[in-house]
Amino acid sequence: MPEETVRSLSVDGLRYSYRLLKRTGPVTEPGTEPPSEQLTEPVVILGGALQGMHGWPQMDGRLGPVASVVTADLPGMGTAAPLPPGPSADILCAAVTRIIDDLDVPRVNLFGFSYGAALAFRCAQHNPGRIARLVLGGVPAHISDAQRAHWQRATDRLAAGDRDGFATLVTEALMCLDPDRYVARRDLAYRYVKRSMLHAVAHSPHAADSVYRSLGDRPDFSGGLSGVPALVFTGEHDTVTSAEHQRAFAGTIRGSRFTTIRDADHWVVLEKAEEVADLSLRFFTDRPLEPAAYLSSVPHQECVPDRSSLA
């Protein structure tokens, strides 16, 4: 069995914890063949606002043989201390840096999904030397006024005590329900997401605050990034932020790659869990992406112009 450790840390007086699943192997003995898959730096996973440290079993299984896997309950999530009022991005970035320091490694691979993609991108901007590779999925790069109004209606339902109405509106906002677009496991995903939302608001002290922050905090995806190999991916039917907007965001990361996964929407990590894990494995071990049959678009290399040459 892989060795699992949960470690407690604090940042700005806020307690939180991370879970380390040490690499399971294979270990090469003297005189034996080398492992079939290249080993890589630890993979730190940053999920959505209501996703905690125990929500990534598919990543554990697929990445475990080649890397240690780290998941976390950062401040404001799971069992961690609540965040103080106001912007939280700098506190959360500091919390991620503390995890990297505690791992006692020079660099990590960083995987960020949805809300976690904004945090992962900011961490890479602030401390690119500590990030070996960056994978960002379901990036909320463009949220419309209509979407914010929908979220506001959801929070109003929650404030009024209508948990079921809140969970229904949130689930509808995060999924593609267009019957003309095929989404794998759509019905299963819908039930799972709604049930998870109901469970969160009933049992998590952070659920309501996380929803309110999603309205008040506008993730900053400006400023670009260079010096970190990066992959941006999304479900081809993502209705939270379209593939076109996410491709445009990928274009701000020098040399990044962008691709879409077929038959999936924003909840691609649920509908295509094994495929997302495989895509991450390929990128984190510098293997080709193109043979993957689950990709609905050929991975495209983005290029950021050298602004100095335009002066």
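Residues numbered from 1 in each chain as written. Predicted model: local features only at pLDDT ≥ 70, side-chain atom pairs only at ≥ 80, totals over all residues. Heavy atoms only, no water.

A. A look at the pattern of salt bridges. Overall, the coordinates contain 14 salt bridges when judged by the stated rule. Note that Arg282 and Asp278 form a salt bridge whose closest N and O atoms lie 2.8 Å from each other. Here Arg282 and its partner Asp278 are both found in helix α10 (residues 273-284), four residues apart, which amounts to about one turn of the helix. Among the residues examined, Arg282 registers a relative accessible area of 14% and is labelled buried. Residue Asp278 is classed as buried on the basis of its relative accessible area of 11%. Each of the salt bridges in this network shares a partner with another, and the network as a whole consists of Glu41, Arg107, Arg133 and Asp286. (Salt bridge = Lys/Arg side-chain N within 4 Å of Asp/Glu carboxyl O. Helix = DSSP H or I, 4+ residues; strand = E, 2+ residues; numbered from the N terminus. Buried < 20%, exposed > 50% of the residue type's maximum accessible area, 1.4 Å probe, protein only.)

B. Quick look at the packing of aromatic side chains. The final tally for this structure, using the stated rule, is six aromatic pairs. Pairing Phe221 with Phe249 gives two aromatic rings, centres 5.2 Å apart and planes at 75°, and the pair type is edge-to-face. One end of the pair, Phe221, is in the loop between α7 (207-216) and β7 (230-235); the other, Phe249, is in helix α8 (residues 243-250), and 28 residues separate them in sequence. Comparing Phe221 with Phe249 shows no difference in burial state: the two are buried. Pairwise contacts between aromatic rings join Trp56, Phe111 and Phe233 into one cluster. (Phe/Tyr/Trp six-rings, centres within 6.5 Å; stacked < 30°, edge-to-face > 60°.)

C. Representation of the nonpolar core in the model. Core analysis: the biggest nonpolar cluster contains 46 residues, and Leu74, Ile99, Leu134 and Leu136 have the highest contact counts within it. The biggest single contributor to this core is helix α2 (residues 89-103), with eight residues. The residues touching Leu74, leaving out its near neighbours within four places in the chain, are Tyr16, Leu46, Ala80, Leu92, Ala95, Val96, Ile99 and Leu119. In this structure, Leu63, Val135, Phe166 and Ala189 belong to the second largest nonpolar core, which totals 44 residues. (Core = buried A, V, L, I, M, F, W, Y, C linked by side-chain atoms within 4.5 Å. Contact = heavy atoms within 4.5 Å.)

D. Examining α10 more closely. Compared with the 16 Å implied by 1.5 Å per residue over 12 residues, the 17 Å span of α10 between its first and last C-alpha is a close match. Counting buried residues in α10 gives 10 out of 12 residues, a clear majority hidden from the surface. Those residues of α10 that fall on the buried side of the exposure criterion are Ala273, Val276, Ala277, Asp278, Leu279, Ser280, Leu281, Arg282, Phe283 and Phe284. Immediately beyond the C-terminal end of α10, within one or two residues, lies Asp286, with a positive phi of roughly 60°. (Expected span 1.5 Å × (residues − 1).)

E. Main features of unusual backbone geometry. With phi around 50°, Asp12 is a residue other than glycine that occupies positive phi space. Positionally, Asp12 belongs in the loop between β1 (4-11) and β2 (14-21). Here the phi dihedral of Arg185 falls at roughly 55°; this positive angle occurs in a residue that is not glycine. Here Arg185 shows up in the loop between α5 (163-174) and α6 (186-203). Overall, Arg185 belongs to the partly exposed group, its relative accessible area being 48%.

F. Quick look at α8. Within the sequence span of α8, burial applies to Ala243, Gln246, Phe249 and Ala250. The buried residues of α8 occupy an angular sector of 120° when projected down its axis, which confines them to one face. In this structure, α8 carries Glu244 and Ala248 as exposed residues pointing more than 90 degrees from its buried face. Where α8 is buried, its residues touch α3 (115-126), β6 (131-137), β7 and β8 (257-261). (Arc of directions from axis to C-beta.)

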